[in-house]
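Chain by chain, the residues run as shown.
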Amino acid sequence: MAASRRRHATPGRISRVGRQAVPRPRVIMALLLLLGLVCMMLLDGYLRAEIGDDQRVRTGASADSVPADVLEGGPILSFPGGTARTQSVPDKTIVLTFDDGPDPEWSGKVMDILDENDVPGTFFLVGSMVARYPDVVRRMVDEGNEVGVHTFTHVDLSYQSEARVKREIAQTQLALAGAAGITTTLFRAPYSSKTDAIDDYSWPVYERLGAMGYTSVFIDTDSEDWQQPGVSKIIEWATPEDGEGASVLFHDSGGDRSETLAALPEYIKKMKAKGYTFTTVSGAQQEAGTDGEDADAAAPPGPVQDGGAQGDSVQAAHRKADTASVWEGRALLAAVTVAEWTVPGLATMLGVVGVAVLGRFGLMLLLARRHHRQRNRRRFTWGPEVTGPVSVIVPAYNEKECIAATLNSLAASTHPIEILVVDDGSTDGTAEIAESLGLPNVRVIRQENAGKPAALNNGVRQARHDIVVMMDGDTVFEPDAVHQLVQPFADPGIGAVAGNAKVGNRSTMIGAWQHIEYVMGFNLDRRMYDLLRCMPTIPGAIGAFRRQAVLEAGGMSEDTLAEDTDITIALHRAGWRVVYAEHARAWTEAPASLGQLWRQRYRWSYGTMQALWKHRRSVTDRGPSGRFGRVGMPLVVLFQIVTPVFAPLIDVFTVYAMVFVDFRASLLAWLAILAVQLLCAAYAFRLDREKYRYLLMMPLQQLAYRQLMYLVLIHSCVTAATGGRLRWQKLKRTGEVGTPHVGAS
């Protein structure tokens, strides 16, 4: 695409160009959007225990600091007045406790059984699950069951810092407040069992929680349903001995709980037949002699102390959450809901994009090979050799560093040409330099600064020949470039030809990265688009047109910043065929700094979107216009806009997976994709007879350069979506690209 030019503004939104610079808030908006998506991923990963997951479980530690009466006491541990006190469940009383919920599949079925048998349960809930399934928690509370805290991420708290312990509790309470409007004073630690399992590491945790007003609940009878030993074993192991009361452990989440569902109704009927009654932890405390005043006195500060105890004794541990906690909790649930839908949705979408990209690579390789074999056959010909003179138009604006090399390269052309240098109001003596060279067949046309499209149109009007070649003022042609470029015009159905643009200043890292992009991205694409007959862009650096076709299309339009894409699509819609001439090589000076590169690609991306929007009706047209609209337009939108827009998310997902999920698998997946890209690049370099050493820069290009291009495209999309305007920008030239040797690479 051509170097940027200043131009006069024309009205419009996405289809018109203004001179007003893009406001910074649009850049901030794009970055905030990306940041928001990253936050959604982190939240979703935290909820799924991919982030902060700690699967360590402490066993075999000593209990020297734990009071003996606690180790030998009942399953209910509280700290009234700062003193540890345990309580047992009264005889002939069962407290049914369920761990690890809520679960959208199993918890509701457990509650159905409890409701059918008219017994309450005490559910110890994992906060991350509460945030994901608040409706289940709301039903638990509404149906008279009691709930307790089972941490937010189900970690062994004896390994965690004091801050992490408080965070695990507080986040779960917040989720409860948002889900059911309550908090709770009950707590059960993950991986806990009987009180005699308390050790020197977990005891300080219980003491701190006791000081905060929490009652820690253990078990003295374990159904061990998590082992799925069979219904009869679950019932046997859950049955207390000799009429004793018991805090019995079941699970309503964490795996297949079909055996639990089968055993539970039989167990309840069996225990009722033995004269047992069922209650909650609070109910058992009430029966054991704990009154409401003591319970309120033990209420912890913060969210647990938001309101008084519930009126029902079986839910005495519940506290009404204050308004602030409720709304904070609802905000948490809303964020979780968004994350729950966004992250899997993005993962699915990115999977589709990934398949599409790999499919594109495969199609590109297949068609590029076919194109190369077809066009390089010994007997291939477009028709009679084109030997007539052509006009070469060189629009120039302040190109004093490059114009001499450009014109000298044209003077060495093996094809007869006239050269029209259209000076677009240069202020650096470009026109004078062109005239001072004294080259034959060179005409210098001066005009007031009006922009590149106006300069090209002026050149087309004054051209003397039927075929016009358009190039940039910073580009140099190989001697046979023009001859190779115009040969396809032997076919009367061809209206334009794209040449093979090469990066001349490839000795720097930025230049090498662009060189890889030009060879792989641009030239492989053009081979594919050529065979599909939907070439979207004739490069501004080297392209040839039938003069009459350009005039019939209205000339080079000022409606977009990508006048080369605009005219190419217009020719397709007019019924002309556009092809690629791989042997017509020109060497252009690519941006030498990141700032210049950003400005150039920003203009390209935005201009391409403008051109696509301008020609959007081609999708519903018939004939050649409809062919481009239904083949070329979707390909360009999918692979030049949609895929690159989502590409940063693929990288974010990859980094996320490496850090939090499976580093080795994620790294291997990334390396596999890189290998596919290297394969495509190597084949492209082979077709263009380029030196492979530049491919050593490709891994670094994927890590740095590619991200810059993605941000540029996102910036362009935000500008287009918000109706922003973009001005023409002149890139600084160095003139380091000189006259090439024949076939140089």
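Sequence order as written defines the numbering, with residues in each chain counted from 1. The predicted origin of the model limits local features to residues at a pLDDT of at least 70 and limits the giving and counting of side-chain atom pairs to 80 or more, whereas totals for whole chains, interfaces and linings rest on all residues. Excluded from the side-chain calculation are hydrogens and water; included are all heavy atoms of the structure.

Caption draft 1: Main features of the overall build of the chain. Numbering of helices and strands runs from the N terminus; a helix is a DSSP stretch of H or I covering at least four residues, while a strand is a stretch of E covering at least two. In terms of helices and strands, the chain carries 23 helices and 20 strands. Every one of the 745 residues in the chain was classed for burial, and the buried ones make up 55%. Contacts: residue pairs with any heavy atoms within 4.5 Å of one another. By sequence separation, contacts in the chain at least 24 residues apart represent 81% of the contacts at least 6 residues apart. With a 1.4 Å probe rolled over the protein chains alone, any residue whose accessible area is under 20% of its type maximum counts as buried; one over 50% counts as exposed, and the rest are partly exposed.

Caption draft 2: Layout of helix α9 (residues 258–273). When the terminal C-alpha atoms of α9 are compared, their 24 Å separation across 16 residues agrees well with the 22 Å that a helix rising 1.5 Å per residue should span. At L264, α9 shows its strongest bend, of approximately 25 degrees, with the proline P265 following within four residues. Where α9 terminates, the next one or two residues include G275, which has phi positive at roughly 90 degrees. In a helix, the anticipated span is given by 1.5 Å times the number of residues less one. Note on bend: at a given residue it equals the angle between the axes fitted to the 7 residues ending there and to the 7 starting there.

Caption draft 3: Local environment of the packing of aromatic side chains. Under the pairing criterion, centres of Phe, Tyr and Trp rings, with the six-membered ring standing for Trp, must be within 6.5 Å; the plane angle then separates stacked pairs below 30 degrees from edge-to-face pairs above 60, leaving the rest tilted. Evaluated as defined, the whole model comprises seven aromatic pairs. Where F380 meets W382, the ring centres are 5.2 Å apart and the plane angle is 80 degrees; that geometry is what we call edge-to-face. An aromatic cluster is present here, built from F98, F123, F250 and Y267 joined pairwise through their rings. Directly above the ring of Y159 sits R58, whose terminal nitrogen or CZ lies 3.9 Å from the centroid. Whether a charge lies above a ring is judged from NZ of Lys or CZ of Arg, which has to be within 6 Å of the ring centre and within 35 degrees of the ring normal. Over the ring of W327 we find R330; its NZ or CZ atom is 4.8 Å from the centre of that ring.

Caption draft 4: Representation of the pattern of salt bridges. Basic side-chain nitrogens of Lys or Arg form a salt bridge, by our definition, when they fall within 4 Å of a carboxyl oxygen of Asp or Glu. All told, the structure shown has 25 salt bridges when counted by the stated rule. For E168, the salt bridge goes to R164, with nearest N and O atoms at 2.8 Å. With E168 and R164 both in helix α6 (residues 162–180), this residue pair falls four residues apart, about one helical turn. Among the residues examined, R164 registers a relative accessible area of 10% and is labelled buried. For R506, the salt bridge identified is with E690, shortest N-O distance 2.9 Å.

Caption draft 5: Region of the structure containing the pairing of strand β3 (residues 93–101). Burial of β3 is extensive: nine of the nine residues sit out of reach of the surface. Note on pairing: DSSP must find at least two bridges between two strands before they are called paired. The sheet contact formed by β3 and strand β11 (residues 277–279) spans three bridges and is parallel. Paired with V95 across the strands is T279, a residue of β11. As defined by bridge partners, β3 adjoins strand β10 (residues 246–251) across six bridges and the pair is classed as parallel. Paired with T97 across the strands is L249, a residue of β10.

Caption draft 6: Spotlight on unusual backbone geometry. A cis amide bond links G101 with the next residue in sequence, P102, at an omega value of 0 degrees. By secondary structure assignment, the location of P102 is in the loop between β3 and α3 (107–116). Positive phi, normally seen in glycine, also occurs at N441, with a value near 60 degrees. Looking at the element boundaries, N441 is found in the loop between α14 (430–436) and β15 (442–447).

Caption draft 7: Structural detail: the sheet that holds strand β14 (residues 417–424). The eight strands lie next to each other as β15-β14-β13-β16-β19-β18-β20-β17, forming an open sheet whose pairing is mixed. In this open sheet, the two edge strands, each paired with only one partner strand, are β15 and β17 (475–477). Across the sheet, the axes of successive neighbouring strands diverge by a mean angle of 30 degrees, strand direction being ignored. Looking at chain direction, strand β13 (residues 390–396) and β14 are connected through seven bridges and run parallel. The residue of β14 that forms the bridge with V390 is I417. Axis angles are defined between N-to-C directions and span 0 to 180 degrees, where every axis is a line fitted to C-alpha atoms and, for a helix, only to the segment in contact. Sheet strands touched by helix α13 (residues 403–411): β13, β14, β16 (467–471) and β17. Its angle to β17, the strand with the most contacts, is close to 15 degrees.

Caption draft 8: A look at the packing of helix α8 (residues 231–238) against α9. Contact geometry of α8 with α9 gives a least axis separation of 9 Å together with a crossing angle of 45 degrees. As judged from the angle between their axes, α8 and α9 are oblique. Of the two possible hands of crossing, α8 and α9 adopt the one that is right-handed. Packed against α8, whose contacting residues are V231, I234, I235 and A238, the element α9 presents E259, T260, A262, A263, E266, Y267 and K270 at the interface. Between 65 and 115 degrees an angle is taken as roughly perpendicular, under 35 as roughly parallel, over 145 as roughly antiparallel, and anywhere else as oblique. A clockwise turn of the near helix away from the far one marks a right-handed crossing, whereas an anticlockwise turn of less than a right angle marks a left-handed crossing.

Caption draft 9: Seen up close, the environment of A284. Relative to the helices and strands, A284 is located in helix α10 (residues 281–288). Look at A284 and you get buried, because its relative accessible area is 1%. For the pair A284 and I76, spaced 208 residues apart in sequence, the C-alpha separation works out to 9.3 Å. Leave out the neighbours within four places in its chain, and A284 touches I76, V89, P90, V95 and T279.

Caption draft 10: Layout of the pairing of β10. Of all six residues that make up β10, six are buried, and the element is covered over most of its length. Judged by which residues are buried, β10 turns out to be covered on both faces: A246, V248 and F250 on one side and S247, L249 and H251 on the other are all buried. Bridge count for strand β9 (residues 221–222) against β10 is two bridges, and the pairing is parallel. Opposite T221, over in β10, you have V248 as the bridge partner. Here the term right-handed applies to a crossover when the path leading from its first strand over the helix to its second strand runs clockwise, the strands being oriented away from the viewer. One crossover worth recording links β9 to the parallel β10 by way of α8, and it is right-handed.

Caption draft 11: Focus on the nonpolar core. Throughout, nonpolar core names a set of buried Ala, Val, Leu, Ile, Met, Phe, Trp, Tyr and Cys residues whose side chains join them through atoms within 4.5 Å. In this structure, M470, M520, L524, Y529 and F545 are the most contacted members of the largest nonpolar core, which totals 59 residues. The element best represented in this core is helix α17 (residues 509–532), accounting for seven residues. Each residue touching F545, except ones within four places of it in the same chain, is listed here: D466, I467, V468, M470, F489, G495, A496, I538, V550, I567 and L571. Core analysis: the next-biggest nonpolar cluster, separate from the first, contains 39 residues, L114, A238, A263 and L264 among them.

Caption draft 12: Region of interest: a nonpolar patch on the surface. Residues forming no salt bridge and having over 30% relative accessible area are the ones grouped into patches, like charges within 9 Å of each other and nonpolar side chains (Val, Leu, Ile, Met, Phe, Trp, Tyr) within 5 Å. Using a 1.4 Å probe, the Shrake-Rupley method yields the accessible areas, and only the shown protein chains count as cover for residues. Together, M509, L700 and L703 make up an exposed nonpolar region whose accessible area comes to about 280 Å². Checked against the element boundaries, M509 lands in helix α17.

Caption draft 13: Fine view of the environment of T537. Looking at the element boundaries, T537 is found in the loop between α17 and β19 (542–546). For T537, a relative accessible area of 16% gives the class buried. The spatial distance from the C-alpha of T537 to the C-alpha of A498 is 7.8 Å, given a sequence separation of 39 residues. Once residues lying within four places of it in the same chain are set aside, the contact partners of T537 are A498, R526, D564, T565 and T568. Here a polar contact is recorded for every N or O atom pair within 3.5 Å, except that within protein the pair must consist of a potential hydrogen donor and a potential acceptor, and residues adjacent in sequence are included only if both atoms are side-chain atoms. For T537, the side chain forms a polar contact with the side chain of T565, separated by 2.8 Å.

Caption draft 14: Highlighting the environment of A61. Inspection of the secondary structure assignment puts A61 in the loop between α1 (24–47) and α2 (68–71). The class for A61 is partly exposed, based on a relative accessible area of 27%. Considered as a pair, A61 and A197 are 136 residues apart in the sequence and their alpha carbons are 9.0 Å apart. In this structure, A61 is in contact with D199 and Y201, ignoring residues within four places of it in sequence.

Caption draft 15: Looking closely at the packing of α3 against helix α5 (residues 134–142). The contact between α3 and α5 brings their axes to 10 Å, and the two run at 15 degrees. The angle between the axes of α3 and α5 places the two elements in the roughly parallel class. Of the two possible hands of crossing, α3 and α5 adopt the one that is left-handed. Here S107, G108, M111 and D112 of α3 come into contact with α5, specifically with V136, R139 and M140. When residues are grouped by polarity, Ala, Val, Leu, Ile, Met, Phe, Trp, Tyr, Cys and Pro land in nonpolar, Asp, Glu, Lys and Arg in charged, and all others, Gly among them, in polar. Here the contact of α3 with α5 is composed, by residue class, of three nonpolar, two polar and two charged.

Caption draft 16: Structural context of the side chain of H572. Within the element layout of this structure, H572 appears in helix α19 (residues 563–573). With relative accessibility at 4%, the residue H572 sits in the buried group. Engagement of the side chain of H572 in a polar contact is seen with the backbone oxygen of M535, the distance being 2.6 Å. In contact with H572, other than residues within four places in its own chain, are R533, C534, M535, V578, P624, S625 and F628.

Read these as layout, nothing more, since geometry by itself doesn't imply function.
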